[in-house]
Amino acid sequence: MKHYFVSAAIIQVMDKILCFQRGPSKYEYVSLKYEFPGGKIEEGESPEEALVREIKEELNLVITNLIYFQTVEHQYPDFKITMHAFKCKAENLEDIQLNEHLNYFQLTKSELLSLDWAAADIPFVDKLISSSNA
Ligand SMILES: Nc1nc2c([nH]c(=O)n2[C@@H]2O[C@H](COP(=O)(O)OP(=O)(O)OP(=O)(O)O)[C@@H](O)[C@H]2O)c(=O)[nH]1
C-alpha cells in the first residue's frame, strides 16, 4: 500500500479561508472533493519548503507566515497519507491562477461544512470550526 507524505495550506484572508476543488481522479473518493491546496513532499524537502513550492506551482501564489496547524493520518482504500497542515498568508492574491483546481471559495469558518471535503481534511475543518482564535 502506498504511503504519501503531503503538506497542505490553510490560506487565510482576513476572516476567511481559501478552499479549493480538486479535479477528476481515478479515485472517486477524492475526485472533485474540496481540499487545502498543496502536495507531496519530495526527498530532501521540509514540509514547509514543499508547501511553498506546490502553492507557487498550483496557484501562482507566494505564501508567507507559515504556522504549523495539525497533522492527519488517513487511510484511503488505495493509499495512506500523512498530511501536515500549515496556516499561512498569500502575498499576491490578485495573481491567483487555478493551474490544477477547478474552483475555489473564500469562506468563513462557520461556512466550511457547506463543502464536500476530502475525508482526510475533515479533522482540519473540525479544528478550524471549533477553535475561535485558531
Ligand atoms: N494537497 C492535498 N492533498 C490532499 C488533501 N486531502 C487529501 O486527501 N489529499 C490527497 O493527498 C494526495 C497527494 O496530493 P496531491 O495530488 O495534491 O499531490 P501532488 O500535487 O504532489 O501530486 P502529483 O503526484 O500529481 O504531482 C492526493 O491523493 C490527495 O487526494 C489536501 O487537503 N491537500
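Quantities reported herein were computed from a predicted structural model and do not represent experimental measurements.

*Asks:* What should I look at first to understand the confidence of the model for the protein chain in this one?
*Replies:* Atomic detail in the predicted coordinates should be set aside for any region of low pLDDT. Of the residues in the protein chain, 98% have a pLDDT of 70 or more, and the chain-wide mean is 97. Here the predicted complex carries an ipTM of 0.92, next to a pTM of 0.96.

*Asks:* In this structure, what is going on with the UniProt feature "domain: Nudix hydrolase" (unreviewed entry) in the protein chain? I would like to understand it.
*Replies:* The positions UniProt marks with the feature "domain: Nudix hydrolase" (unreviewed entry) are residues 1-130. The span residues 1-130 shows a helical share of 17% and a strand share of 42%, and its end C-alpha atoms are spaced 33 Å apart.

*Asks:* Please clarify how the site of the ligand should be interpreted in this entry.
*Replies:* Near the ligand there are 15 residues, and of these Val30, Glu35, Gly39, Lys40 and Ala120 occur at the shortest range. Where the shell around the ligand is concerned, the elements lending two or more residues are β1 (2-13), β4 (38-40) and β6 (79-90). Tallied by class, residues from the shell around the ligand come to 10 nonpolar, 2 polar and 3 charged.

*Asks:* What exactly am I supposed to notice about unusual backbone geometry here?
*Replies:* The phi torsion of most residues other than glycine is negative, and most of the peptide bonds are trans. Even without a glycine there, the phi angle at Leu32 is positive, about 65 degrees. On the secondary structure map, Leu32 appears in the loop between β2 (16-21) and β3 (34-35). On the basis of neighbour count, Leu32 is assigned to the partly exposed category, with 14 C-beta atoms found within 10 Å. A positive phi angle is found at Asn60, which is not glycine, with a value near 60 degrees. By C-beta crowding, Asn60 is classed as partly exposed, having 14 other C-beta atoms within 10 Å.

*Asks:* Explain helix α1 (residues 47-59) here, please?
*Replies:* In an α-helix there are 3.6 residues to a turn, and that puts residues three or four apart on one side. For α1, which comprises 13 residues, the first-to-last C-alpha distance of 18 Å matches the rise-based estimate of 18 Å (1.5 Å per residue) to within 8%. Looking at α1, one finds that the buried residues are Pro47, Ala50, Leu51, Val52, Glu54, Ile55 and Leu59. Its buried side turned inward, α1 meets β1, β4, β5 (63-75) and β6. Of the residues one or two after α1, Asn60 is the one with positive phi, at around 60 degrees.

Definitions and cut-offs
- Residues numbered from 1 in each chain as written.
- Predicted model: local features only at pLDDT ≥ 70, side-chain atom pairs only at ≥ 80, totals over all residues.
- pLDDT = per-residue confidence, 0-100.
- UniProt positions renumbered as here; feature names shortened; annotations may be inferred.
- Helix = DSSP H or I, 4+ residues; strand = E, 2+ residues; numbered from the N terminus.
- Near = placed C-beta within 6 Å.
- Nonpolar A, V, L, I, M, F, W, Y, C, P; charged D, E, K, R; others polar.
- Buried ≥ 20, exposed ≤ 12 C-beta atoms within 10 Å, placed from the backbone.
- Expected span 1.5 Å × (residues − 1).
- Contact = placed C-beta atoms within 7 Å.

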